[in-house]
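Observations on chain architecture
Given next are the chains, with one letter for each unit.
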Amino acid sequence: METMRKTIWVVITSFVLAAPVFGGQRITKETVNSAGTPRTYYIYVPEKSPEAKTVPLLLTFHGSGRNGRSLVEKWTRLADSNGFIVAGLDSTDTEYWAIPEDGPDTVKVVVDAVRARHPVDETRVYLFGHSAGAVFGMKLALMESEYFAAVAVHAGSFRQPDELAVIEQAKRKIPFKIIVGDQDAFFPLQSVNATTEALKSRGFTVDLEVVKRHDHSYYDRAKQFNEKAWDFLKDQKLTSPPNYIQYKFQ
């Protein structure tokens, strides 16, 4: 009897140890070289292989004071249930995102690194950002509108009139999803509405969602916001092969 108990315990222990690890525990930290500078990003690949030969890639951009992992870990469950890869770059300075230091070239290096190891659907590479990362994601989407399929952000807008100039750089009317709280002190509705109207007046599709009684916070309600963002992103797709524009910055 005692021998049988030991055998059962060994079997159970082996099963637990062999059980698949889900969620943020399988996020890996990677490094790429961009213009001679090592850059860190975090990646999550669903454990279960989808039936499709290629899968979407979601690139996330964190808010001030965070790093790439902070957003990636909030997307793991959706990635598992919908079969897409998530990758989050660290900004050069944790407080903000800068162009050209953080992109677009650096972001493309990350995409190329992911594509070299995983079957990414090049027509379904998406952007998602929060706060400072939201503004960066919106600018990146407009600069590389023929390379990325769509962009969704939480708490972001162009707050300075000169920022709106980036809209003119877009070669394609890339779709936007903007989620913002009606009590966001950092990105007030006046600024968000002005950004939305500026985009719409130039022919862009903008799905603006104002969340009542919500402020700037994201992480405590990430599941809700990510589901809304993914519901929008998943249906967007490039109709032609991606075209990356190489910029020359002074």
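The paragraphs below set out a description of the structure included in this document. (Residues numbered from 1 in each chain as written. Predicted model: local features only at pLDDT ≥ 70, side-chain atom pairs only at ≥ 80, totals over all residues. Heavy atoms only, no water.)

Observations concerning helix H7 (residues 222–233)
With twelve residues, H7 extends 16 Å between its outermost C-alpha atoms, agreeing within 8% with the 16 Å of an ideal straight helix rising 1.5 Å per residue. Residues Ala222, Phe225, Asn226, Ala229, Trp230, Phe232 and Leu233 constitute the buried set of H7. Down the axis of H7, the buried set is contained in an arc of 155°. They therefore lie on one face. Those residues of H7 hidden inside the fold are in contact with strand E3 (55–61), helix H3 (76–82), strand E5 (120–130), strand E6 (150–154), strand E7 (176–181) and strand E8 (206–211). (Helix = DSSP H or I, 4+ residues; strand = E, 2+ residues; numbered from the N terminus. Expected span 1.5 Å × (residues − 1). Buried < 20%, exposed > 50% of the residue type's maximum accessible area, 1.4 Å probe, protein only. Arc of directions from axis to C-beta. Contact = heavy atoms within 4.5 Å.)

Overview of the side chain of Thr123
Here Thr123 is to be found in strand E5. A distance of 2.7 Å separates the side chain of Thr123 from the side chain of Asp121, its partner in a polar contact. Discounting residues that sit within four places of it in the chain, Thr123 has contacts with Ala149, Lys237, Leu238 and Ser240. (Polar contact = N/O pair within 3.5 Å; in protein donor to acceptor, adjacent residues only side chain to side chain.)

A short note on the pattern of salt bridges
Across all of its chains, the model carries 14 salt bridges by this definition. Its salt-bridge partner being Arg202, residue Glu168 comes within 2.5 Å of it at the nearest N-O pair. Within this pair, whereas Glu168 is found in the loop between E6 and E7, its partner Arg202 is found in the loop between helix H6 (189–200) and E8, the two being separated by 34 residues in sequence. By relative accessible area, Arg202 is classed as partly exposed at 33%. Here Lys177 and Asp207 are joined by a salt bridge, their closest N and O atoms 3.4 Å apart. Separated by 30 residues along the polypeptide, Lys177 in strand E7 and Asp207 in strand E8 bring together distant segments of the chain. For Lys177, a relative accessible area of 5% translates into the label buried. Among the charged side chains, a salt-bridge network with shared partners connects Lys177, Asp207, Glu209 and Lys228. (Salt bridge = Lys/Arg side-chain N within 4 Å of Asp/Glu carboxyl O.)

Details of the nonpolar core
Ranked by size, the top nonpolar core spans 50 residues in total, and within it Leu59 and Phe176 carry the most contacts. The contact partners of Phe176, leaving out residues within four places of it in the chain, are Met138, Ala141, Leu142, Val151, Leu199, Phe204, Thr205, Val206, Asp207 and Phe232. Counting residues in hydrophobic clusters, the runner-up holds 27 residues, among them Tyr126, Ala150, Ala229 and Phe232. (Core = buried A, V, L, I, M, F, W, Y, C linked by side-chain atoms within 4.5 Å.)

Quick look at the packing of aromatic side chains
Scanning the entire structure with this criterion turns up 14 aromatic pairs. Ring centres of Phe61 and Trp97 lie 5.3 Å apart, and the angle between their planes is 90°; on these two criteria the pair is classed as edge-to-face. Here Phe61, found in strand E3, pairs with Trp97, found in the loop between strand E4 (85–89) and helix H4 (105–117); they are 36 residues apart in sequence, far enough to count as distant. Note on accessibility: Phe61 and Trp97 belong to one class, buried. Ring centres of Tyr218 and Phe225 lie 6.5 Å apart, and the angle between their planes is 25°; on these two criteria the pair is classed as stacked. Among the aromatic residues, those joined into a ring-pair cluster are Trp75, Phe84, Tyr126, Phe128, Tyr218, Tyr219, Phe225 and Trp230. Arg66 extends its terminal NZ or CZ atom over the ring of Tyr219, reaching a point 3.7 Å from the ring centre. Between Lys108 and the ring centre of Tyr244, over which it is positioned, the NZ or CZ distance is 5.4 Å. (Phe/Tyr/Trp six-rings, centres within 6.5 Å; stacked < 30°, edge-to-face > 60°. Lys NZ or Arg CZ within 6 Å of the ring centre and 35° of its normal.)

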